[in-house]
Amino acid sequence: MTADAEPNANLFVALRDAFPGDLDSAAIETIERGLVYTWRDLERATAMLANLLDSLDLPAASRIAVQAEKSVESLLFYLAVLRAGHVYLPLNTAYKSDEIGYFIGDAEPAVFVCAPKDFVWASKLAFAAGTTFVFTLGDDRSGSLLERAIHFDDRHTPAVRKSEDLAAILYTSGTTGRSKGAMLTHGNLLSNAVTLKTYWGWRSAAEGGDVLIHALPIFHVHGLFVASHGALLAGAKMLWLGRFDARRVVELLPRATVFMAVPTLYVRLLAEPTLTREACRNMRVFISGSAPLLLDTFEAFRERTGHTILERYGMSETVMLTSNPYDPADGERRGGTVGFPLPGVGLRIVDGDGSVLPGSTVGAIEVRGPNVFAGYWRMPEKTREEFSADGWFRTGDVGVVDDLGYVSIVGRSKDLIISGGYNVYPAEIEGVCNEMPGVAESAVVGVPHSDFGEAVVAVVVPRAGEAIDADALTRALKARIANFKVPKAVFVVAELPRNAMGKVQKNLLREQHAALFA
Ligand code: MLC
Ligand code: AMP
């Protein structure tokens, strides 16, 4: 870099600059495996992995797709991708080969990292799509990625990136058609992490040292960006769980100060008799998001633990948008609301014509700010559609802002089901159901579920003269799509309810099946 060049806006550099002075202190402790990673380990391992990527001579900003079980090494690889100046593309571990085939075909990654057990089918798909390198990574440090990286130097100069350069692509399903890749820049991710650091009062080692229980998957915004960036930017320690386990989390609470989760995890924590005020005595804040937190859960948690959950709202395209206050001086945390727009985030409510509505009026939520993504990967048309003429992003959520400025989400204009924090688009599931033998048409709806918040239910109509076996259909769906998308119940009916215009009346189906899992 020359003397008058702009500073390096690579997100990795900002995260690394926040490492504490004592590089030999613990950065991450894995609970299931009992391993401790120091900050020096993070520095060295990301350097080795970044040097491996450099050795592949990839074009700058190549897409690097990863479908690997959660492990500290997969987090380190994410950081190494940033460090080397490439674009990280995480994929849900539940996705099946059809789904992976679509993502790889669309994103054309130069490198694909998969679980060792998936190498045969996954590498075939990747090489067919033009991917040059396929590595494997297991959650027990196995696989070719680490075997190769170990031979590289543990020093590396981070690639110079501009704030508007891409850092990650997160696929998010579409209301029609297939998934879209939301392109997030280094600037999007860093600005949001810096805002949350202050707004949620993250404490560095010198300030008392936060300890985060990291129990979420790391292929989505919540676990990968909000949780990991938060801890890294504070130089705070993480207690790392490969998968969520309510009993284990309660056992860890006395050693922790911060917990982040989707509502299902709070419901499961409440089912643990060992969750008490005493267990939470050192906790500073419990944060919830990705799906609506029921008021019952919010109140039961406060009663049991003495802690008021802080609910916030965000999405893949924008990272975090609003948050209930952390500091009581900024107001109380209100159940049923997602708090205030974060500093620097603009939020407005508009009607169907795009006219801005006055306070306390329900309408479509639009947002803007340094956190709002750069558009959908190779979908300029779709990107244009999702922004207003004056540059606000249409979230697809329906909400209202009260007199005090608290935002509540009251619905969605997008036909979306959120099950246990994962998004399921009915149009996608209907498309797959309709391709199944004997199915004439189908309708997929979300119904209340006591654990997952919402559950996917399918109502299918057989072709004339044919019969459908609901169990066989479910089995066939399991082979095609990620398990969390598979309907928890399938009903076979002679016809779907329709209105005078011929549109399927999904509200009737929702009402009919409302009590199934409530
Ligand atoms: C698992 N299953 C689910 C499911 N998760 N079904 C519906 N919805 C889900 N979310 C399936 C399993 O495959 C299994 O099916 C059956 O349900 C029971 O599984 P389980 O053992 O109870 O599930 P478990 O492994 O414990 O996982 C549940 C969970 C997990 C809640 C821990 O879903 C999870 O980690 N959710 C968090 C998602 C998240 O991080 N979202 C953030 C998105 S970011 P079978 O058929 O095999 O028996 C975002 C932006 C923002 O939205 O604002 O943050
Ligand atoms: P994703 O596309 O996975 O990023 O999901 C984003 C969507 O999750 C948002 O558009 C909202 O519909 C929903 N969401 C996130 N946080 C909340 C919340 N706290 N309350 C209600 N819905 C939420």
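Below is a summary of the structure that appears in this document. (Residues numbered from 1 in each chain as written. Chains lettered and ligands numbered in written order. Predicted model: local features only at pLDDT ≥ 70, side-chain atom pairs only at ≥ 80, totals over all residues. Heavy atoms only, no water.)

## Here we look at the pattern of salt bridges
- For the structure on display, the rule yields 33 salt bridges.
- Note that glutamate 43 is salt-bridged to arginine 83, the shortest N-O span being 3.2 Å. In this pair, glutamate 43 sits in helix α2 (residues 39-55) while arginine 83 sits in helix α3 (residues 72-83), placing the two residues 40 residues apart along the sequence. As far as burial versus exposure is concerned, glutamate 43 and arginine 83 are alike and both buried.
- Of the charged contacts in the structure, one is a salt bridge between glutamate 430 and lysine 506, with a shortest N-O distance of 2.6 Å. Of the two residues, glutamate 430 sits in helix α13 (residues 426-434) while lysine 506 sits in helix α15 (residues 506-512), which places them 76 residues apart along the sequence.
- Of the residues examined, glutamate 430 reaches a relative accessible area of 15% and is grouped as buried.
- Through salt bridges with shared partners, one network takes in Arg348, Glu366, Asp390 and Arg394. (Salt bridge = Lys/Arg side-chain N within 4 Å of Asp/Glu carboxyl O. Helix = DSSP H or I, 4+ residues; strand = E, 2+ residues; numbered from the N terminus. Buried < 20%, exposed > 50% of the residue type's maximum accessible area, 1.4 Å probe, protein only.)

## Quick word on unusual backbone geometry
- Positive phi, normally seen in glycine, also occurs at alanine 61, with a value near 55°.
- Summarising the element assignment, alanine 61 is placed in the loop between α2 and β3 (63-67).
- Although it is not a glycine, glutamate 108 adopts a positive phi angle of roughly 45°.
- With respect to the helices and strands, the residue glutamate 108 is situated in the loop between α4 (97-107) and β5 (111-114).
- According to the relative accessible area criterion, glutamate 108 is partly exposed, its value standing at 39%.

## Some details on the site of ligand 1
- Around ligand 1, 23 residues are found, and the nearest of them are Arg268, Ser290, Arg312, Ser419 and Lys478.
- Contact between ligand 1 and glycine 421: a nitrogen atom at 3.0 Å from a main-chain N or O atom of the residue.
- Secondary-structure elements contributing two or more residues to the shell around ligand 1 are α8 (221-234), α10 (263-270) and β13 (310-315).
- A per-element tally of the shell around ligand 1 places α10 first, with three residues.
- Looking at the shell around ligand 1 residue by residue, the class counts come to nine nonpolar, nine polar and five charged. (Near = heavy atom within 4 Å. Polar contact = N/O pair within 3.5 Å; in protein donor to acceptor, adjacent residues only side chain to side chain. Nonpolar A, V, L, I, M, F, W, Y, C, P; charged D, E, K, R; others polar.)

## Quick notes on the pairing of strand β7 (residues 166-172)
- When you tally the buried positions in β7, you get seven out of seven residues, the bulk of the element.
- Pairing analysis gives six bridges linking β7 to strand β8 (residues 180-185), with the strands arranged antiparallel. The residue of β8 that forms the bridge with isoleucine 169 is methionine 183. (Pairing = 2+ DSSP bridges.)

## Examining helix α14 (residues 470-480)
- Taken as a whole, α14 has its buried residues at Leu473, Thr474 and Leu477. The buried residues of α14 occupy an angular sector of 100° when projected down its axis, which confines them to one face. Among the exposed residues of α14, those pointing more than 90 degrees away from its buried face are Asp471, Arg475 and Ala479.
- Contacts made by the buried residues of α14 are with α13, β22 (439-449), β23 (453-462) and β24 (489-492). (Arc of directions from axis to C-beta. Contact = heavy atoms within 4.5 Å.)

## Some thoughts on the packing of α3 against α8
- Contact pair α3 / α8: the axes reach a minimum separation of 13 Å and the direction vectors enclose 85°. Comparing their axes, α8 and α3 come out roughly perpendicular. Contact with α3, carried on its side by Leu75, Tyr78 and Leu79, involves Leu224, Phe225, Ser228, His229 and Leu232 of α8 and no other residues of that element. (Axes fitted to C-alpha atoms, helices over the stretch in contact; angles between N-to-C directions. Parallel < 35°, antiparallel > 145°, perpendicular 65-115°, else oblique.)

## A closer look at the environment of leucine 216
- Topologically, leucine 216 is positioned in the loop between β9 (211-214) and α8.
- According to the relative accessible area criterion, leucine 216 is buried, its value standing at 7%.
- Contacts of leucine 216, omitting those with residues within four sequence positions, involve Lys70, His222, Gly223, Met260, Ala261, Val262 and Leu265.

## A short note on the layout of surface pockets
- A volume near 380 Å³ is recorded for the second largest pocket.
- Taken together, 14 residues form the lining of the second largest pocket, with Ala45, Met48, Glu73, Leu146 and Ile150 sitting closest to its centre.
- Mapped by element, the contributors of at least two residues to the lining of the second largest pocket are α2, α3 and α6 (144-149).
- A breakdown of the residues in the lining of the second largest pocket according to their chemical character gives eight nonpolar, one polar and five charged. (1 Å grid on protein atoms, 1.4 Å probe; cavity = no way out; pocket = protein on both sides within 12 Å on 5 of 7 lines; lining within 4 Å. Points joined across faces, edges and corners; volume = space filled by probe spheres on them.)

## Some details on the sheet that holds β22
- Taken together, the three strands give an open sheet; going across it, the order is β22-β23-β24, and neighbouring strands pair in mixed fashion. Bordering the open sheet on either side are β22 and β24, each of which pairs with just one other strand. Across the sheet, the mean angle from the axis of one strand to that of its neighbour is 25°, orientation sign disregarded.
- Summarising the sheet, β23 and β24 pair through four bridges and their orientation is parallel. Bridge assignment links valine 459 to a residue of β24, and that residue is phenylalanine 491.
- Sitting on the sheet, α14 is in contact with β22, β23 and β24, with an inclination near 130° to β24.

## Description of the nonpolar core
- Counting residues in each nonpolar core, the largest one holds 117 residues, and the members touching the most others are Phe77, Tyr78, Trp200, Phe225, Phe259, Met260 and Leu269.
- If you count residues domain by domain, this core takes at least three from each of domain 1 (36-185) and domain 2 (338-412).
- The next biggest cluster of nonpolar side chains, apart from the first, holds 39 residues, and it includes Leu91, Ala107, Val424 and Val460. (Core = buried A, V, L, I, M, F, W, Y, C linked by side-chain atoms within 4.5 Å. Domains from an automatic or database assignment.)

## Quick word on the site of ligand 2
- Taken together, 17 residues lie near ligand 2, and Arg312, Ser316, Asp397, Lys414 and Asn423 sit nearest.
- Interatomic distance of 2.7 Å between a backbone N/O atom of arginine 312 and a nitrogen atom of ligand 2.
- Separating an oxygen atom of ligand 2 from a side-chain N or O atom of aspartate 397 is a distance of 2.6 Å.
- Out of a free accessible area of 500 Å², ligand 2 has 92% covered by protein chains.
- Mapped by element, the contributors of at least two residues to the shell around ligand 2 are β13 and β19 (407-412).
- With five residues, β13 is the single largest residue contributor to the shell around ligand 2. (Areas by Shrake-Rupley, 256 points an atom, 1.4 Å probe, with all protein chains shown as cover.)

## With respect to the sheet that holds strand β10 (residues 237-240)
- Taken in spatial order, the nine strands of this open sheet run β2-β1-β10-β9-β11-β12-β13-β14-β15, and their pairing is mixed. Each of the sheet's edge strands pairs with one partner strand only, and the pair in question is β2 (36-38) and β15 (340-341).
- When strand β1 (residues 26-30) meets β10, the two strands line up parallel, connected through three bridges. In the sheet register, threonine 30 faces β10, and the bridge partner there is tryptophan 240.

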